[in-house]
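Structure assessment
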Amino acid sequence: MLDVEAGTQPAVPSPVEALFPNRSDKESVDRFLTQTLTDALERVQAGATNPTIEMDAFKVELAAYDFAEPRSLNEVCGWTIKSLEHGIVQMGNPRYFGLFNPGSNFPAQCADRISGAFNPQLASSSSSPVPVAIEDHVIQQVAKRAGLLVPASGHFATGGSEANATALICALTHLIPEFSELGVRGARGQPVFYTSAECHIAWLKVAHQTGIGRNALRLIKTDGQGRLDIVALEAAIAEDRARGELPVMIVATAGTTGAGRIDPLAACARLAEREHLWFHVDAAWGGAAIASKRLRPLLAGMELADSITIDAHKWFATTMGCAMFITTNNSVLNRAFHSSTSFMAPAAQSLVDPYLNSIQWSRRFIGLRMFLTLSAAGWEGLARHVERAVDLTRYIGDQLIAHGWKVVNDPSLAVLAALPPPHLGDARSLVRKVVASGHAWVAPTTTEGVDVVRICVTNGETTIADANALVNALNGISPG
């Protein structure tokens with residue numbers, strides 16, 4: 001038996017029983033896991049934000065797992081939970097005001113459990129008709145909410161980098177007729193694409209992965225407010241054409257990592273149309289604003305995009321990783337990933353099949369996370385979630401200003417870039433001090449050439465009290 005009662009030592013099952021236990025044993029492990037996780041996460045919310053584990057001691061414990069003999073699953077799960085409780089930056093702590101890594105919502109956690117139990121293979125609708133239909137339904141609903149023409153095409157991806165790589169592949173396929181067969185050899189010039197100097201630098205990796213090279217990425221200067229300078233963009237395109245280069249795509253960011261800024265989406269769309277380029281909006285963070293009628297006007301122009309990226313595992317707070325790639329150009333997406341093999345259903349039967357419209361082949365049912373999130377909360381619930389984050393961010397900004405700080409950005413997407421007063425020292429040193437204390441977690445960044453403290457409300461359970469704790473920590477005021 002795998003059952004574990006308080007104060008007893010769990011029995012070690014045979015190897016076969018460990019992999020495929022009976023119902024009673026599974027229920028016992030489920031009870032143990034649920035209780036142990038719940039207790040640990042409650043401690044996380046009240047504990048330190050930074051890792052507190054002693055890594056040398058941990059590595060000794062880890063080395064003992066040589067896998068020569070089986071162990072009790074409860075024992076190993078308990079050890080793993082304990083290690084994670086003390087061994088990571090705690091995004092589930094409401095005083096984590098860091099990067100775009102929210103504490104995950106509960107419906108998405110349930111989705112992972114369901115998906116893991118059934119383990120559908122989402123390559124095709126022939127093997128997983130219901131999961132493929134659910135994911136396509138969510139993609140259509142998100143596209144509709146974003147203002148895109150429907151029916152759209154798209155899929156769930158492992159993260160924003162994969163979704164953005166898909167956008168560049170589509171742009172190359174669209175602009176280079178022979179790209180599918182010849183790659184960049186079929187281009188009439190070196191393909192290049194454009195985005196802001198404040199973009200997520202993963203675009204360099206995307207350029208590398210697609211084979212056009214990192215030098216193909218043009219990082220356009222900003223307008224002094226952290227947004228892509230449309231005049232500089234226009235000039236760069238003209239210069240590249242004059243040199244015989246082949247412009248293929250404009251990328252506008254909706255929610256930069258550094259300061260949550262939004263590039264001029266409508267202006268970028270007009271320029272892309274005039275220059276016959278693919279227009280992609282990287283809304284990995286800010287795309288969640290589509291849930292809110294109050295915030296949606298910030299994204300005006302996104303509906304004109306050829307494609308968009310939204311990371312559900314960011315502001316929609318699903319579990320990692322759950323990105324969405326959506327395009328209005330269905331035929332290009334199909335051309336980019338067309339495939340035919342005898343062991344799969346004929347391509348003509350189902351163009352929504354993920355193996356026909358994405359980089360991945362074998363993949364998990366990750367779209368269930370967004371389906372359960374939307375079903376449980378509705379667009380109204382998600383609207384309240386993102387609006388609350390913005391309101392809390394503005395509150396923090398107001399409190400810091402009252403302590404002599406300077407806010408250097410518009411925190412409309414729940415990202416605050418703040419410059420500390422001179423007596424508190426420079427931003428990076430201050431961040432190191434605050435993070436080391438464990439009372440709160442923030443990040444340093446550089447925006448428009450200035451080092452600032454970056455604060456982002458990512459956790460749906462963060463309260464005014466948590467915000468005040470952050471303000472106190474940043475100002476060197478001892479807690480309690």
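Refer to the structure above for everything that follows.
Attention in this report is confined to the structure presented alongside it. (Residues numbered from 1 in each chain as written. Predicted model: local features only at pLDDT ≥ 70, side-chain atom pairs only at ≥ 80, totals over all residues. Heavy atoms only, no water.)

Once that is clear, we can look at helix 9 (residues 202–209). Along helix 9, the residues that are buried comprise Ala 202, Trp 203, Val 206 and Ala 207. Taken down its axis, helix 9 places every buried residue within 150° of arc, on the same side. Lining the buried residues of helix 9 we find helix 7 (160–175), strand 2 (191–196), strand 3 (217–220), strand 4 (246–253) and strand 5 (278–282). Positive phi shows up at Gly 211, right after helix 9, with a value of about 90°. (Buried < 20%, exposed > 50% of the residue type's maximum accessible area, 1.4 Å probe, protein only. Helix = DSSP H or I, 4+ residues; strand = E, 2+ residues; numbered from the N terminus. Arc of directions from axis to C-beta. Contact = heavy atoms within 4.5 Å.)

Right, let's get into the packing of helix 10 (residues 230–242) against helix 11 (residues 265–275). For the pair helix 10 and helix 11, the least separation of the axes is 10 Å and the interaxial angle reads 20°. Judged on the interaxial angle alone, helix 11 and helix 10 are roughly parallel. Handedness of the crossing formed by helix 10 with helix 11: right-handed. Here helix 10 contributes Ile 230, Leu 233, Glu 234, Ile 237 and Arg 241 to the contact with helix 11, which in turn contributes Ala 267, Cys 268, Leu 271, Arg 274 and Glu 275. When its residues are assigned to classes, the contact of helix 10 with helix 11 shows six nonpolar, no polar and four charged. (Axes fitted to C-alpha atoms, helices over the stretch in contact; angles between N-to-C directions. Parallel < 35°, antiparallel > 145°, perpendicular 65-115°, else oblique. Left-handed = near helix turned anticlockwise from the far one by under 90°. Nonpolar A, V, L, I, M, F, W, Y, C, P; charged D, E, K, R; others polar.)

Let us look at the side chain of Thr 373. Tracing the backbone through its elements, the reader meets Thr 373 in helix 14 (residues 367–402). Of note is the side chain of Thr 373, whose polar atom sits 3.2 Å from the side chain of Asn 105. Beyond its immediate stretch of four places on either side in the chain, Thr 373 contacts Asn 105, Pro 107, Ala 108, Phe 316, Thr 318, Gly 378 and Leu 382. (Polar contact = N/O pair within 3.5 Å; in protein donor to acceptor, adjacent residues only side chain to side chain.)

Let's shift gears to helix 2 (residues 23–46). Since one α-helical turn is 3.6 residues long, residues separated by three or four positions face the same way. Under the 1.5 Å per step criterion, the end-to-end length of helix 2 is 35 Å for 24 residues, consistent within 8% with the ideal 34 Å. Listed in full, the buried residues belonging to helix 2 are Asp 25, Ser 28, Val 29, Thr 36, Ala 40 and Val 44. N-cap assignment for helix 2: the residue whose side-chain oxygen lies 3.2 Å from the backbone N of Ser 24 is Asn 22. (Expected span 1.5 Å × (residues − 1).)

Attention now goes to the pattern of salt bridges. Inspection of the entire model under this criterion finds 20 salt bridges. With a closest N to O distance of 3.1 Å, Glu 75 and Arg 71 form a salt bridge. Here Glu 75 falls in the partly exposed class, since its relative accessible area comes to 33%. Look at Arg 71 and you get partly exposed, because its relative accessible area is 32%. Between Arg 369 and Asp 112 there is a salt bridge; the shortest N-O distance is 2.6 Å. Here Arg 369 is found in helix 14, whereas its partner Asp 112 is found in helix 5 (residues 106–118), with 257 residues between them in sequence. We classify Arg 369 as buried; its relative accessible area is 5%. (Salt bridge = Lys/Arg side-chain N within 4 Å of Asp/Glu carboxyl O.)

This part takes up the sheet that holds strand 2. Here seven strands make up an open sheet; going across it, the order is 1-7-6-5-4-2-3 and the pairing mixed. Every other strand in the sheet has two partners, leaving strand 1 (153–157) and strand 3 as the edge strands with one partner each. Going across the sheet, the axis of each strand differs from the next one's by a mean of 20°, ignoring polarity. As defined by bridge partners, strand 6 (residues 307–311) adjoins strand 7 (residues 323–327) across five bridges and the pair is classed as antiparallel. Paired with Asp 311 across the two strands is Ala 323, which belongs to strand 7. The strands touched by helix 9 are strand 2, strand 3, strand 4 and strand 5; relative to strand 2, the strand with the most contacts, the crossing angle is about 170°. Where helix 11 meets the sheet, it contacts strand 4 and strand 5, and its direction lies at approximately 165° from that of strand 4. (Pairing = 2+ DSSP bridges.)

Let us now look at the pairing of strand 7. For strand 7, the tally of buried residues reaches five of five residues, placing the bulk of the element in the interior. Burial along strand 7 is two-sided: Ala 323, Phe 325 and Thr 327 and Met 324 and Ile 326, pointing in opposite directions, are all buried. Both strand 1 and strand 7 contribute to a ladder of five bridges, which runs antiparallel. Following the sheet pairing, Phe 156 is matched in strand 7 by Met 324.

Core analysis: the biggest nonpolar cluster contains 86 residues, and Trp 315, Phe 316, Ile 396, Ile 455 and Leu 474 have the highest contact counts within it. With eleven residues, helix 14 is the largest single contributor of residues to this core. Core analysis: the next-biggest nonpolar cluster, separate from the first, contains 32 residues, Cys 170, Leu 175, Leu 333 and Phe 337 among them. (Core = buried A, V, L, I, M, F, W, Y, C linked by side-chain atoms within 4.5 Å.)

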